[in-house]
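These are the residues of each chain, in order.
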Amino acid sequence: MSRIALGDRDALRSLYDCVGGKLLAVALRVLHNRDMAEDVLQEVFITIWNQAARHHTELAQPLAWLCVITRNRSIDMLRKNRPEVSLNWHDADGEEHSHDAPDERETPLESLLSSEAGTHLYDCLNALDGAQKQALFLAYFEGLTHSELSARMKRPLGTIKAWVRRSLMRLKVCLDTEA
Amino acid sequence: MNWHQHPDLINQLAAEYALGTLRGLARQRFETMMHKRPDVMHTSIAWQTRLSPLLETLPEVSPHESTWLKISSRLWQRVEAEKAPWWRRLLAPPLAALVLGLMMGAVLPSLWQARNDPEKLTQLPESYVGVLATQTGKPGLIVSSLRQGITVDIKQLAAVSIADGNTLYLWTVDKAGKLSPVGPVPNKKFSSVQLPEPAEKVFFSAVELAVSIEPVGLKPASPSQPFVYRGLCGKLWRTPAT
């Protein structure tokens, strides 16, 4: 990152080779659309080039920062492109349809289970209530807002906000004390 | 309430930022504060680090080859199809620089007038004044010279970093886009340089001034790097030049 901050183009290419695939996976996880995810990857590397000087001395873990940027850009794009379709609707014949909730077996929770590096986090996540844990995962990986979580999980907005806040704080206590 | 005065609120917002539920203006405000306050940045990083194992489990996906080409093209204009020299594309000034130049062009004469007796308006020194913006469109450099003078005064509003062995180099740009070298310029807040010829001859055809970074001691025929400053060249006199 220091070399990029000094305007070293080769360093940017090296970083791209090193983390581009990971960041694309993050964008794809949120967007579920390859073309949009590639666009986000572009935007992220433009940002890295333009803001490296601002960040290189501040970040002990640039990958974490890059993942946050990628997720935020992906969520922004999702917001811009997500059609305003309600979760439940009736078609012309009066038949009821609904968007399915994502298959939980495909969430990274399963991956975490078998991941040595994630075991500690997994234990702390697993200690959360099932619905609260799901809310965190939907927000983190699907980019859902509080309102969308409320609609998806059929819970009042205030409850969702409280769940998220409480879950995050419980997670912090668990991770910090057991680390 | 100033949330940034309360560690508990900073912690909550940092957590929501890392999770992705902090949106819109709230997210922008948080990011701004994060870059101003090390403690906010520290809290934010701590949260990103806590959650990052979730992302480490995602299997990598190889980007399309075209994605890097688009990135490098956008950053450095490396489009092979482009036939014009790269500096040609830089001649269309960014809107910010144009607006800045126009504003300064409008404001500077007014300021001068305000400080002088109206009867002396015609006695204002006839001058060339260039207001140059940085690459990001911020005020960067004010270049001025008496119309018949041979000294150019330069005030640097935004510094640029220059590697050893290099110097700032001033150029004029005429209305056809042709670049002409003027000479090296010191990289300091205020400086004066002598022109090889009267300003009227050096700047007469200039509609823009631009500054690049060049190796010390060379007189380049064209800039070797993108301009670090660029902006309009104003002619501050009431009668058209003859």
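For the structure, check the block above.
Here goes a summary of the coordinates provided. Being a predicted model, the structure only gives us computed values, none of them experimental.

The next subject is the overall build of chain A. Across its full length, chain A holds 9 helices and 2 strands. Moving toward the C terminus, one meets the helices and strands of chain A in the order α-α-α-α-β-β-α-α-α-α-α. Going through the 179 residues of chain A one by one, you find that 46% of them count as buried. For chain A, the share of sequence-separated contacts (at least 6 apart) that also reach a separation of at least 24 residues comes to 61%. Approximately 9000 Å² of chain A is accessible, and the part contributed by carbon and sulfur atoms is 48%.

A few words on the packing of aromatic side chains. As enumerated under the stated definition, the model contains 7 aromatic pairs over all chains in all. Ring geometry for Y140 of chain A versus F141 of chain A: centroids 5.1 Å apart, planes at 85°, classification edge-to-face. Just as Y140 of chain A is buried, F141 of chain A falls in that class too. When the ring of Y128 of chain B is compared with that of F203 of chain B, the centres are 5.6 Å apart and the planes differ by 50°; the resulting orientation is tilted. Separated by 75 residues along the polypeptide, Y128 of chain B in strand β1 (residues 127-134) and F203 of chain B in helix α7 (residues 199-203) bring together distant segments of the chain. Side by side, Y128 of chain B and F203 of chain B carry an identical accessibility label, which is buried.

A few words on the pattern of salt bridges. Overall, the coordinates contain 13 salt bridges over all chains when judged by the stated rule. In this structure, K201 of chain B and E197 of chain B form a salt bridge, with 3.4 Å as the shortest nitrogen-oxygen distance. Since its relative accessible area comes to 59%, K201 of chain B is described here as exposed. Each of D76 of chain A together with R27 and E31 of chain B takes part in one network of salt bridges that share partners.

Taken residue by residue, the interface counts 60 residues in chain A and 42 residues in chain B. At the boundary of chain A with chain B, total buried surface from both sides reaches about 4900 Å², with 65% on carbon and sulfur atoms. Of all residues in chain A, R9, Q42 and Y140 of chain A bury the most surface against chain B, accounting for 13% of the area lost on that side. If you look at where chain A meets chain B, you find 3 salt bridges. Close ionic contact of D76 of chain A with R27 of chain B constitutes a salt bridge, the shortest N to O distance being 2.7 Å. Linking chain A with chain B are 16 residue pairs in polar contact (both at pLDDT 80 or more).

All names here are of chain A. Following the criterion strictly, the structure yields 1 disulfide over all chains and no others. Between C124 and C174 runs a disulfide, and the two sulfur atoms are separated by 2.0 Å. Since a negative S-S torsion denotes a left-handed disulfide, the C124-C174 link at about -75° is left-handed. With C124 in helix α6 (residues 119-126) and C174 in helix α9 (residues 157-178), this residue pair connects regions lying 50 residues apart in the sequence. The buried category is assigned to C174, whose relative accessible area is 14%.

About the thresholds
Residues numbered from 1 in each chain as written. Chains lettered and ligands numbered in written order. Predicted model: local features only at pLDDT ≥ 70, side-chain atom pairs only at ≥ 80, totals over all residues. Heavy atoms only, no water. Helix = DSSP H or I, 4+ residues; strand = E, 2+ residues; numbered from the N terminus. Buried < 20%, exposed > 50% of the residue type's maximum accessible area, 1.4 Å probe, protein only. Contact = heavy atoms within 4.5 Å. Areas by Shrake-Rupley, 256 points an atom, 1.4 Å probe, with all protein chains shown as cover. Phe/Tyr/Trp six-rings, centres within 6.5 Å; stacked < 30°, edge-to-face > 60°. Salt bridge = Lys/Arg side-chain N within 4 Å of Asp/Glu carboxyl O. Buried area = accessible area lost by both parts, 1.4 Å probe. Polar contact = N/O pair within 3.5 Å; in protein donor to acceptor, adjacent residues only side chain to side chain. Disulfide = S-S within 2.5 Å.

Function-wise, these values are silent; they only describe arrangement.
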